[in-house]
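Overview (structure and organization)
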Amino acid sequence: MLSVSGLSAGYDSINVLHSVDIEARSGEITVILGANGSGKTTMFRTISGLIRPSAGTIEFDGSALTRRPANAIVRSGVAHSPEGRHLFAKMSVEKNLVLGGYTRRRNRARQKALLEQVYELFPILREKRHDPAGSLSGGQQQMVAIGRALTADPQLLILDEPSMGLAPLVVQQVLDAVVEINRAGIGVLLAEQNAAKALRIAHRGYVLAEGRVVMAGTADDLLRDAGVQEAYLGM
Ligand code: ATP
């Protein structure tokens with residue numbers, strides 16, 4: 001589905017990613033583990049067309065995405081829910097949600113159905129749809145950020161640290177929603193600090209360190225790996 005090969009990228013003269021190879025298969029949850037600063041956000045922003053790679057290729061469903069503009073990448077079926085949410089705090093929940101659909105330009109009936117799916121996934125957002133997004137709790141704001149990516153009708157959803165700063169119970173709610181999204185047939189590429197929880201819902205994973213893939217395998221392989229247990233699972 002998504003195939004990233006030999007990807008290098010960074011900021012001005014600083015190279016952050018060094019020849020990264022990853023795959024995110026259709027219908028699976030793929031988790032990217034890595035310490036702060038290991039390059040997860042840089043990788044996601046490069047896949048989404050927000051950073052131009054200096055080398056490598058990005059393919060999605062057989063089409064080349066490398067160096068295509070961000071809006072074209074959304075239209076090809078890849079939507080990104082960024083770290084830190086980036087909501088419009090004064091705009092209503094519903095206005096934030098429908099923003100995700102503008103680039104994809106689905107017809108009105110499809111847009112309505114997508115919004116309805118978001119409200120079914122997160123019923124609290126229906127209740128609060130007229131409230132300013134900034135008035136919601138952290139967990140609810142994260143639901144808006146995920147919901148906004150879903151209204152772009154993606155085949156692949158990139159989620160950058162969706163549980164950051166949330167209480168443990170809310171973390172689990174967000175990850176349960178990720179499972180539900182995936183069950184509906186959407187592939188998920190997920191960066192997550194809660195490594196144990198993330199590996200329990202994922203099919204496959206990668207460990208990034210200093211911009212390089214240092215480990216790849218099934219989620220079970222990673223859960224059993226002594227190095228992963230020590231570095232990420234606190235065992
Ligand atoms: P985190 O969990 O902290 O977000 P990450 O794995 O997502 O970490 P990145 O945010 O991709 O890592 O950062 C990778 C490296 O790139 C870090 O050394 C960081 O300082 C650097 N970096 C990130 N954003 C910029 C920027 N806008 N300009 C210059 N360097 C940056």
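The structure under discussion appears in the preceding block.
A brief report on the enclosed structure follows. For clarity, every value in this text was computed on a predicted model and none was experimentally measured.

1. Points about the nonpolar core
L125 and L190 are the most contacted members of the largest nonpolar core, which has 45 residues in total. Here this core gets 7 residues from one element, more than from any other, and that element is helix 7 (residues 168-183). Beyond its immediate chain neighbours, meaning those up to four positions away, L125 contacts V93, V118, Y119, L136, Q140, M143 and V144. L7, A24, I47 and I58 belong to the second-largest nonpolar core, a separate cluster that totals 24 residues.

2. Side note on the site of the ligand
Inspection of the region around the ligand gives 13 residues, with G37, G39, K40, T41 and T42 positioned closest. Taking 630 Å² as the accessible area of the ligand by itself, protein coverage stands at 60%. Per element, the largest residue contribution to the shell around the ligand is 3 residues, and it comes from helix 1 (residues 40-47). For the shell around the ligand, a count of residues per class yields 3 nonpolar, 7 polar and 3 charged.

3. With respect to the packing of helix 6 (residues 138-150) against helix 7
Where helix 6 meets helix 7, the axes come as close as 10 Å, and the angle between the chain directions of the two elements is 15°. In terms of orientation, helix 6 lies roughly parallel with respect to helix 7. As helix 6 packs across helix 7, the resulting crossing turns out to be right-handed. Across the interface between the two elements, G139, Q142, M143, I146 and L150 from helix 6 touch V170, Q173, V174 and I181 from helix 7. In terms of residue class, the contact of helix 6 with helix 7 is built from 6 nonpolar, 3 polar and no charged.

4. Considering the pattern of salt bridges
Tallying each qualifying case throughout the model produces 5 salt bridges. Residues K40 and E161 are paired through a salt bridge, measuring 3.8 Å at the closest nitrogen-oxygen approach. One end of the pair, K40, is in helix 1; the other, E161, is in the loop between strand 7 (156-160) and helix 7, and 121 residues separate them in sequence. Comparing K40 with E161 shows no difference in burial state: the two are buried. For E116, the salt bridge identified is with R126, shortest N-O distance 2.8 Å. A residue pair is termed long-range when its members are at least 10 positions apart, and E116 in helix 4 (residues 108-121) and R126 in helix 5 (residues 123-127) qualify at 10 residues. A relative accessible area of 31% places R126 in the partly exposed class.

5. Focus on the sheet that holds strand 8 (residues 187-191)
Ordered by their spatial adjacency, 6 strands build an open sheet running 6-7-8-3-9-10, and the pairing between neighbours is mixed. Unpaired on one side and paired on the other, strand 6 (78-81) and strand 10 (212-218) mark the two borders of the sheet. Going across the sheet, the axis of each strand differs from the next one's by a mean of 15°, ignoring polarity. When strand 6 meets strand 7, the two strands line up parallel, connected through 4 bridges. The partner of S81 across the bridge, within strand 7, is L159. Strands in contact with helix 6 are strand 6 and strand 7; relative to strand 6, the strand with the most contacts, it is inclined by about 165°. Across the sheet, helix 7 touches strand 3 (29-33), strand 7 and strand 8, and the angle it forms with strand 8 is around 155°.

About the thresholds
Residues numbered from 1 in each chain as written. Predicted model: local features only at pLDDT ≥ 70, side-chain atom pairs only at ≥ 80, totals over all residues. Heavy atoms only, no water. Core = buried A, V, L, I, M, F, W, Y, C linked by side-chain atoms within 4.5 Å. Buried < 20%, exposed > 50% of the residue type's maximum accessible area, 1.4 Å probe, protein only. Helix = DSSP H or I, 4+ residues; strand = E, 2+ residues; numbered from the N terminus. Contact = heavy atoms within 4.5 Å. Near = heavy atom within 4 Å. Areas by Shrake-Rupley, 256 points an atom, 1.4 Å probe, with all protein chains shown as cover. Nonpolar A, V, L, I, M, F, W, Y, C, P; charged D, E, K, R; others polar. Axes fitted to C-alpha atoms, helices over the stretch in contact; angles between N-to-C directions. Parallel < 35°, antiparallel > 145°, perpendicular 65-115°, else oblique. Left-handed = near helix turned anticlockwise from the far one by under 90°. Salt bridge = Lys/Arg side-chain N within 4 Å of Asp/Glu carboxyl O. Pairing = 2+ DSSP bridges.

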